[in-house]
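Per-entry structural report
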Amino acid sequence: MGTELQEPAVKAYVYGFPLVFNLDQVRRYVTTGVGANAAAPFNRFSHAGTLAGPRDTFVSINNDTVYSIGQVDLSEGPLLLEVPDTGGAYYVLQFVDAWTDNFAYIGKRATGTAAGRYLLTPPGWSGDVPAGATRISFPTVIASIVGRWACDGEGDLPRVGALQRQLTLTPVGEQAAPPGLPTPDPTVPEELAFWEKLRVYSQAYPPAAQDLPLQQAFASLGLLGSGPSPYAQPDPDLVAALTAGAKTGHDGLVAALKSGAGDATVNGWQQPFHIFDYNDDFLEIGTIDAPEWRIADRARAIGQRAAAAMAGLWGNHGYEAAYAPVYVDSAGDELTGANTYTLTFTQAPPVDAFWSITMYNLPNFYLVDNPIGRYSIGDRTPGLVHGDDGSLTITLSATEPADPTARANWLPAPADGFRPMLRMYSPRPAVFDGSYEIPPIVKVG
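Residues numbered from 1 in each chain as written. Predicted model: local features only at pLDDT ≥ 70, side-chain atom pairs only at ≥ 80, totals over all residues. Heavy atoms only, no water.

Identification of the protein as DUF1254 domain-containing protein from Rhodococcus olei is taken from an unreviewed UniProt entry.

This part covers the pairing of strand S6 (residues 116-121). For S6, the buried fraction is high: 5 of the 6 residues fall into the buried class. Pairing geometry for strand S3 (residues 79-83) and S6, over 5 bridges, is antiparallel. Bridge pairing links Val 83 to Gly 116 in S6. The pairing of S6 with strand S7 (residues 134-137) spans 4 bridges and is parallel. Within the sheet, the bridge partner assigned to Leu 119 lies in S7 and is Arg 135. (Buried < 20%, exposed > 50% of the residue type's maximum accessible area, 1.4 Å probe, protein only. Helix = DSSP H or I, 4+ residues; strand = E, 2+ residues; numbered from the N terminus. Pairing = 2+ DSSP bridges.)

A word on the UniProt feature "domain: DUF1214" (unreviewed entry) in the protein. As recorded in UniProt, the feature "domain: DUF1214" (unreviewed entry) lies at residues 320-428. Within residues 320-428, the helical portion is 5% and the strand portion 34%, while the C-alpha atoms at the span's ends are 10 Å from each other. (UniProt positions renumbered as here; feature names shortened; annotations may be inferred.)

Let us look at the environment of Gln 210. Within the secondary structure layout, Gln 210 lies in the loop between helix H3 (193-204) and helix H4 (212-216). With a relative accessible area of 35%, Gln 210 lands in the partly exposed category. As a C-alpha pair, Gln 210 and Thr 100 span 110 residues in sequence and 16 Å in three-dimensional space. Not counting chain neighbours up to four residues away, the residues in contact with Gln 210 comprise Asp 280, Asp 281 and Arg 298. Among the polar contacts listed, one links the side chain of Gln 210 to the side chain of Asp 280, at a separation of 3.3 Å. (Contact = heavy atoms within 4.5 Å. Polar contact = N/O pair within 3.5 Å; in protein donor to acceptor, adjacent residues only side chain to side chain.)

Moving on, we come to the pattern of salt bridges. Under the counting rule described, the total for this entry stands at 15 salt bridges. Of the charged contacts in the structure, one is a salt bridge between Lys 197 and Asp 24, with a shortest N-O distance of 3.1 Å. Here Lys 197, found in helix H3, pairs with Asp 24, found in helix H1 (residues 2-31); they are 173 residues apart in sequence, far enough to count as distant. Lys 197 sits in the partly exposed class, given a relative accessible area of 23%. (Salt bridge = Lys/Arg side-chain N within 4 Å of Asp/Glu carboxyl O.)

Written out as structure tokens, the structure reads:
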């Protein structure tokens, strides 16, 4: 039986990884907090007071914006969200459901920067929308609002803080405290904890209708039962199949991310500009409902959803922010802090907002502690030195450069393997049509 179950276990792992990984992070935010974002209960925002740093151990977190994170539970009814007027400054509130679908956006690109009111409603809700409010229907009762406020360094924090304090969530009518996430059976052994979470979460937060048949196909793995956990005292063959399936599924996702399978690669830079296009079912305010931003092949979309969660959970659609990671230099060799590299921009990335390159370690994609406290570099970094022709050469290395110009333009790296990521906020069409080419990272020492 173990061999027969291993193949569906691999598929089930890839299918369920985003749900489990995502809700584990949701639980962190409402219990312990993450770095600069202190813990906050459901239906209340946690506002960071600083830009993210190494304490913010969240996959591919950015160092460009200050976060306001709200974990939402609509089990008891709708909430009224009110956003402030930012006076033209960039911000975005990204709505992410339990399965990691980006289903709505509020912010400069999506809705403008004027003040606004939005009614957040649970699945199947019917009722009256308050005057002056816009309804946003949630695909799952649990979802995340990931708020990002553009910030030009420490001196800009008071402005951002004033905006954060005007961002509110208010229950509509009398509501009891929301129940929050269901609790998986704590007696399940650690090697099967993922499967128990997937069993509990997938029943609490049903997927899109088109994915239900696939979920039903995993019945033999014990994922559909609503009674006592089948993983507390499991059959040894089932344990073997689930353990092997999880490892194979996980290793496959890691390999796919490193290879950039399915993505265009230019000068070593992967260009997964459509990696978050897997949402094919729930397109609310601020999303773009167009064929070029959807994935027709559902099997590919599900695999892509898992890879996106692993490498960039809560990342935006490409039209909001385009991300380009890189693992290798111009010779195709993996990047490592044992070497020194340069990256020369003769033309800045074409954006309507701003751009940056952020340094991450491997394999967790966390920010890297360094002696100068610089975790990203971009068009808003003070003190950069440009060439006489206007070009910008960035040095990437673990050791501090001796040359003053290289030191001014230094993006510190860890001593071992690393993965930088280029972010382009409000990217222009040249990013997507290939007319703009990201330059290679060149080993110089």
